[in-house]
Amino acid sequence: MSTEGVPGKVVGRDSEMELVRSALTGVASGRGGVVLVEGEPGVGKSALLRGGLATAADLGCEIGWAAADELSPRFPLRLLLDCLEIESGSADRSRVGIATMLTDHRPGTFVSGGDPMAAVVERALTIVDKMCRDSPVVLVADDLQWADETSLLAWHRLARTVERLPLLLVGAYRPVPYRGELDPLRADAMGGGALIRLGPLAEPAVAEVVAGLTGAPPGPRLRALSAHAAGNPLYLRELVDALAREAAITVDAGQAELVGGWTKQAPATLAAAIAGRLGFLSHNATTALRVATLLGPEFSIDDVATVLQLPVTALGGVFAEAAAAGVVAPGKRLSFRHPLIRHALYEEMPGVVRSALHRHAAQTLAAAGASAERVAAQLLPAGSGIDGWVTGWLVRAAPELADRAPTVAAELLDRATGQVSVGAEHWDELAGALARVLFRLGRDAEAGARRVLAHTGNPALAAEMRWIIGERLLRAGRADDALRVVEGGLGQAGVPVVWRARLEAMSARIHSTSVDDLDKAEATARASLATASACDDRLALGYSLLSLSTTALMRRDQAARLSHLDRALAVLADDMEHLELRLLLLGNRTLALSILDRFGEAERTLADARDLAERRTGYAGLARFHAPAAVLYFWTGRWDDALAELDTAGDLPDNPRVAPIAAGIVSLIACHRDDRATAAARLDAYPGQQTATAFDVANRGFLMAARGVLAERDGQPEDALRAWRQLLEPQYSQMERHTPMSNVVRAAMAVGDTDTAREATELCERDPGLATPGRIAAVEHCRGLLTNDLDLLAKAGRYLRTAGRVVEYARNCEDVALLLAQRGERRAAKSALSPAMEVYARLGAQWDVRRAGARVRPFGIRWGARGPRRRPTYGWAALSPTEVTIARLVAQGMSNSDIATELLLSPRTIQSHVSNMLVKLKAHSRVEIARQVLIHG
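Just so you know, these numbers come straight off a predicted model, no measurement behind them.

## Re unusual backbone geometry
Thinking step 1. Its identity is not glycine, yet E85 carries a phi of approximately 55°, on the positive side.
Thinking step 2. As for its position among the elements, E85 is in the loop between α3 (78–83) and α4 (93–104).
Thinking step 3. Exposure remark for E85: the relative accessible area of 37% places this residue in the partly exposed category.
Thinking step 4. With a phi angle near 65°, D597 is a residue other than glycine that sits in the positive phi range.
Thinking step 5. Mapped onto the elements, D597 comes out in the loop between α28 (579–595) and α29 (599–613).

If you want it as structure tokens, here you go:
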């Protein structure tokens with residue numbers, strides 16, 4: 001709490017206030033930073049922030065301030081917009097422009113998954129950048145535990161700019177309720193700013209607070225009574241104020257003490273103390289304040305007057321009384337002095353009265369032109385009843401509300417559709433809007449879309465519902481059902497041109513991923529491309545080109561595939577409306593470049609996709625990044641990164657086409673690391689069933705490889721060959737099978753089956769597709785194994801090393817070493833084996849070490865008595881190479897986001913690594929990680 005008359009003075013918090021002042025002095029001199037304050041209610045977080053604001057004003061900083069409340073998580077950008085004072089009445093044209101974007105935006109389609117909030121965030125961050133060019137900027141956010149996710153993401157993005165801008169971010173939050181979204185902000189503060197944790201005040205500070213309130217140091221009895229506050233500054237102030245109202249404190253001989261005859265008990269709780277304060281307010285003041293509680297922690301007299309339907313002048317005296325009583329604090333907008341005061345006033349009202357007042361507030365605010373989310377914030381707690389006015393407002397406001405607060409829109413639309421009869425006025429509009437927003441949120445929208453489809457007479461709405469149903473079915477692996485739904489729409493009369501183009505594009509996409517007739521799939525895609533071009537619809541164009549890229553993939557023409565993907569990305573350009581499609585295209589581009597061994601470009605594409613995804617709140621398709629990233633990292637020998645990617649991808653098991661890739665990679669790494677239990681468990685979930693299409697078969701390549709490696713590890717060479725030999729079957733001819741083909745030749749030669757080895761080599765040579773450098777090297781590797789040609793093996797190895805295919809290069813070195821050993825060239829064999837053993841050791845591939853040693857041992861070559869030791873579970877030695885790198889960057893004070901940018905990984909992957917490091921090092925903070933780095937050099 002702030003001492004009266006001493007701006008910036010916070011009693012009992014000298015060291016904490018000094019940290020805040022230091023950060024403010026830094027930003028005033030051009031050095032940005034991040035400060036977070038954590039503490040329970042009433043311990044002085046807000047007071048510390050107010051003290052910082054006073055200092056910031058003295059230093060000439062531009063200040064933005066906002067506070068969140070319990071409804072904030074449902075309303076994207078509320079905290080950010082309040083902090084930057086972005087509203088239609090602003091004197092700044094750029095702020096008015098953003099407010100207009102929010103008010104006037106009407107989406108072309110929700111089914112594309114676009115996020116119109118992303119453009120608003122970009123404009124808002126541009127305003128911050130401009131503010132920093134004019135003067136140092138301090139942005140303060142209170143009660144971050146309630147903040148919406150979009151504002152937190154924007155705050156996190158701003159934290160990444162403080163090293164180059166005179167920008168100080170100051171926030172406060174309660175540790176409970178826990179919000180995982182605050183973890184990146186905590187990491188930002190710990191990585192170079194300040195994380196201040198406020199506990200109870202010490203006894204001397206309690207006495208100082210009481211002295212400041214009473215005008216004299218407290219005597220023994222008052223000290224003893226003050227102990228009831230348990231060091232909580234707010235409770236302490238309410239306690240002393242309650243005693244003052246009762247005339248229970250007297251000051252005598254320079255000491256404040258309880259009056260001699262005072263025998264009443266102190267308020268038992270903080271809530272009771274606050275209720276005592278409110279009991280002194282007049283009826284009119286209490287009525288106005290109760291209405292104000294409906295409006296949030298901050299409110300304007302205009303809004304209260306609107307709800308009460310009174311002139312503003314009638315409320316001036318009322319709020320002057322409330323301010324004098326210490327209930328509200330003045331400012332550009334009024335605010336309750338503490339959230340607990342607002343809570344006490346709100347809870348005093350019976351539930352039925354609160355609901356009725358919220359419903360009345362919604363209608364009066366809407367009539368006054370309030371934004372959709374402000375009206376929705378009143379309807380949410382107004383109860384489940386839906387009347388004619390609410391229905392009509394939802395029909396009009398659903399597009400704006402779904403853009404700005406999709407979870408709120410879903411809740412209100414669900415209420416409405418449950419109470420409006422099917423076929424009644426507005427039912428199909430409400431139900432269609434609910435299906436759109438559920439689809440956008442990644443929830444099950446199929447049932448609702450089918451109901452709309454069955455009852456609507458609107459051809460455009462029916463086509464849109466077919467799109468939603470088709471997309472849901474396709475994601476669930478039900479391609480035939482999806483195609484029937486979509487083609488049913490194409491057979492309907494009256495479908496608008498744009499929606500016909502989109503349905504044709506959906507049909508092309510289904511054909512490209514679910515039929516084996518590539519000519520038919522390509523013809524369908526080209527026809528849809530022509531239709532999309534005629535109406536110039538970006539969504540239909542993008543999906544048509546994606547379908548063409550898929551047919552090129554199945555024809556093993558990666559260059560054509562890449563060309564189609566790049567053309568689609570050029571069509572969409574910087575279109576945020578179709579963000580999900582852009583991300584899908586970038587994920588496919590990452591895989592295409594990886595197959596072409598253009599790993600550097602693949603990593604940059606992946607980084608671009610992740611940067612774009614950060615602009616989208618709650619993106620439901622993250623599996624599309626984790627899977628391509630895991631494939632890239634597996635091939636390039638970054639296995640811990642691959643596992644970290646898959647570990648953070650909680651949505652992978654729900655994607656039947658991506659899940660086999662993830663399970664195969666995890667199982668394959670477990671095999672190499674001699675973790676049979678994990679490998680077998682993952683494989684048991686996919687018992688080798690045959691899938692319907694070549695596209696699905698291609699996604700099971702890693703599972704097939706894991707079965708072959710596991711059988712070899714178990715000493716079953718015949719079973720290993722049986723697993724690998726599946727690669728020679730016609731259904732695998734449309735995948736890039738040249739990459740693992742040397743494993744088939746090796747397994748066949750191990751059991752003396754030269755016919756199979758020869759067949760595999762010949763297939764590798766004559767399979768359709770371009771003769772890329774990677775494929776040429778694969779043929780050389782296979783033929784070298786078949787004919788014991790050392791020159792061919794060495795030539796293939798040189799390419800693999802240069803390309804960066806670490807795992808295959810190690811196997812090639814092992815093959816060369818074995819051939820040299822068989823020729824009696826022991827020294828050369830040991831030299832050839834050395835790079836392989838180094839790779840295996842770095843990957844933690846214990847089984848590969850044992851296998852390679854066993855293959856050359858009969859020729860008198862021994863590679864250590866036991867080979868590399870198994871990596872321990874705990875301690876510094878337990879860290880993987882990637883984790884060691886991250887630990888060093890943590891020790892340099894870098895945040896997770898900065899580390900992610902440095903290493904071209906996602907922040908979530910870095911967070912997964914850091915969490916693993918904390919467990920392995922038995923550490924509790926990043927500071928302890930940094931200490932371990934210093935100890936181990």
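## Thoughts on the sheet that holds strand β1 (residues 33–38)
Thinking step 1. Judged by pairing direction, the sheet is parallel, and its 5 strands sit side by side in the order β2-β3-β4-β1-β5 without closing on themselves. The sheet is open, and its two edges are formed by β2 (62–67) and β5 (194–197), each paired on a single side. On average, each strand axis in the sheet is inclined to that of its neighbour by 10°, with strand direction left out of account.
Thinking step 2. Inspection of the sheet shows β1 paired to strand β4 (residues 167–173) by 6 bridges, in the parallel sense. When the bridges of β4 are listed, G33 appears paired with L168.
Thinking step 3. Contacts from helix α2 (residues 45–58) reach β1, β2, β3 (137–142), β4 and β5 within the one sheet, and its direction differs from that of β3 by about 165°.

## Some points on the sheet that holds strand β9 (residues 328–329)
Thinking step 1. Spatially, 3 strands are ordered β8-β10-β9 in an open sheet, and the strand pairing comes out antiparallel. The outermost strands of the open sheet, each flanked by one partner alone, are β8 (298–299) and β9.
Thinking step 2. Strand direction decides the pairing type here: β8 and strand β10 (residues 334–336), joined by 2 bridges, are antiparallel. Its bridge partner being in β10, F299 is matched across the sheet by L334.

## Description of the environment of V571
Thinking step 1. Its location among the elements puts V571 in helix α27 (residues 558–572).
Thinking step 2. Taking the relative accessible area as the measure of exposure, V571 reaches 25% and is therefore partly exposed.
Thinking step 3. For the pair V571 and L539, spaced 32 residues apart in sequence, the C-alpha separation works out to 9.2 Å.

## Some remarks on empty space enclosed by the protein
Thinking step 1. Taken as a whole and judged by the stated rule, the model has 8 cavities of 30 Å³ or more.
Thinking step 2. Computed from the structure, the largest cavity encloses a volume of approximately 150 Å³.
Thinking step 3. T739, G774, A778, L800 and E808 are, among the 15 residues lining the largest cavity, the residues nearest its centre.
Thinking step 4. Of all the secondary-structure elements, those providing two or more residues to the lining of the largest cavity are α39 (773–787) and α40 (790–803).
Thinking step 5. With 5 residues, α39 is the largest single contributor of residues to the lining of the largest cavity.
Thinking step 6. For the lining of the largest cavity, the residue count by class is 5 nonpolar, 6 polar and 4 charged.

## Topic: α2
Thinking step 1. Its 14 residues place the ends of α2 20 Å apart at the C-alpha level, agreeing with the 20 Å of an ideal helix rising 1.5 Å per residue.
Thinking step 2. Listing the buried residues of α2 in full gives K45, A47, L48, L49, G51, G52, L53, T55 and A56.
Thinking step 3. For α2, the elements touching its buried residues are α1 (14–28), β1, β2, β3, β4 and β5.
Thinking step 4. Where α2 terminates, the next one or two residues include G60, which has phi positive at roughly 80°.

## A look at the packing of helix α16 (residues 351–367) against helix α17 (residues 372–379)
Thinking step 1. With their axes 7 Å apart at the nearest point, α16 and α17 run at an angle of 165° to one another. Looking at the two axes, α16 sits roughly antiparallel to α17. You can see that α16 and α17 cross each other, and the crossing is left-handed. Where α16 approaches α17, its residues H358, R359, A361, A362, L365 and A366 are matched on the opposing element by R374, V375, Q378 and L379.

## Notes on helix α10 (residues 233–245)
Since there are 3.6 residues in each turn of an α-helix, residues three or four apart along the chain are aligned in direction.
Thinking step 1. Taking 1.5 Å of rise per residue, the 13 residues of α10 would be expected to cover 18 Å, and the 18 Å separating its terminal C-alpha atoms lies within 8% of that figure.
Thinking step 2. Between the side-chain oxygen at the start of α10 and the backbone nitrogen of L234 there is a gap of 3.1 Å, and the oxygen is on N232.
Thinking step 3. Immediately downstream of α10, the backbone of A247 shows phi near 55°, a positive value.

## Here's the deal with the packing of helix α44 (residues 881–891) against helix α45 (residues 896–903)
Thinking step 1. Here α44 crosses α45 at 130°, and the two axes come no closer than 10 Å. Judged by the inter-axis angle, α44 sits oblique to α45. For the pair α44 and α45, the crossing hand works out as right-handed. Note on element contacts: α45 touches α44 through I899, E902 and L903, opposite T885, I886, L889 and V890.
Thinking step 2. Class assignment for the residues of the contact of α44 with α45 results in 5 nonpolar, 1 polar and 1 charged.

Parameters at a glance
Residues numbered from 1 in each chain as written. Predicted model: local features only at pLDDT ≥ 70, side-chain atom pairs only at ≥ 80, totals over all residues. Heavy atoms only, no water. Helix = DSSP H or I, 4+ residues; strand = E, 2+ residues; numbered from the N terminus. Buried < 20%, exposed > 50% of the residue type's maximum accessible area, 1.4 Å probe, protein only. Pairing = 2+ DSSP bridges. Axes fitted to C-alpha atoms, helices over the stretch in contact; angles between N-to-C directions. Contact = heavy atoms within 4.5 Å. 1 Å grid on protein atoms, 1.4 Å probe; cavity = no way out; pocket = protein on both sides within 12 Å on 5 of 7 lines; lining within 4 Å. Points joined across faces, edges and corners; volume = space filled by probe spheres on them. Nonpolar A, V, L, I, M, F, W, Y, C, P; charged D, E, K, R; others polar. Expected span 1.5 Å × (residues − 1). Parallel < 35°, antiparallel > 145°, perpendicular 65-115°, else oblique. Left-handed = near helix turned anticlockwise from the far one by under 90°. Polar contact = N/O pair within 3.5 Å; in protein donor to acceptor, adjacent residues only side chain to side chain.

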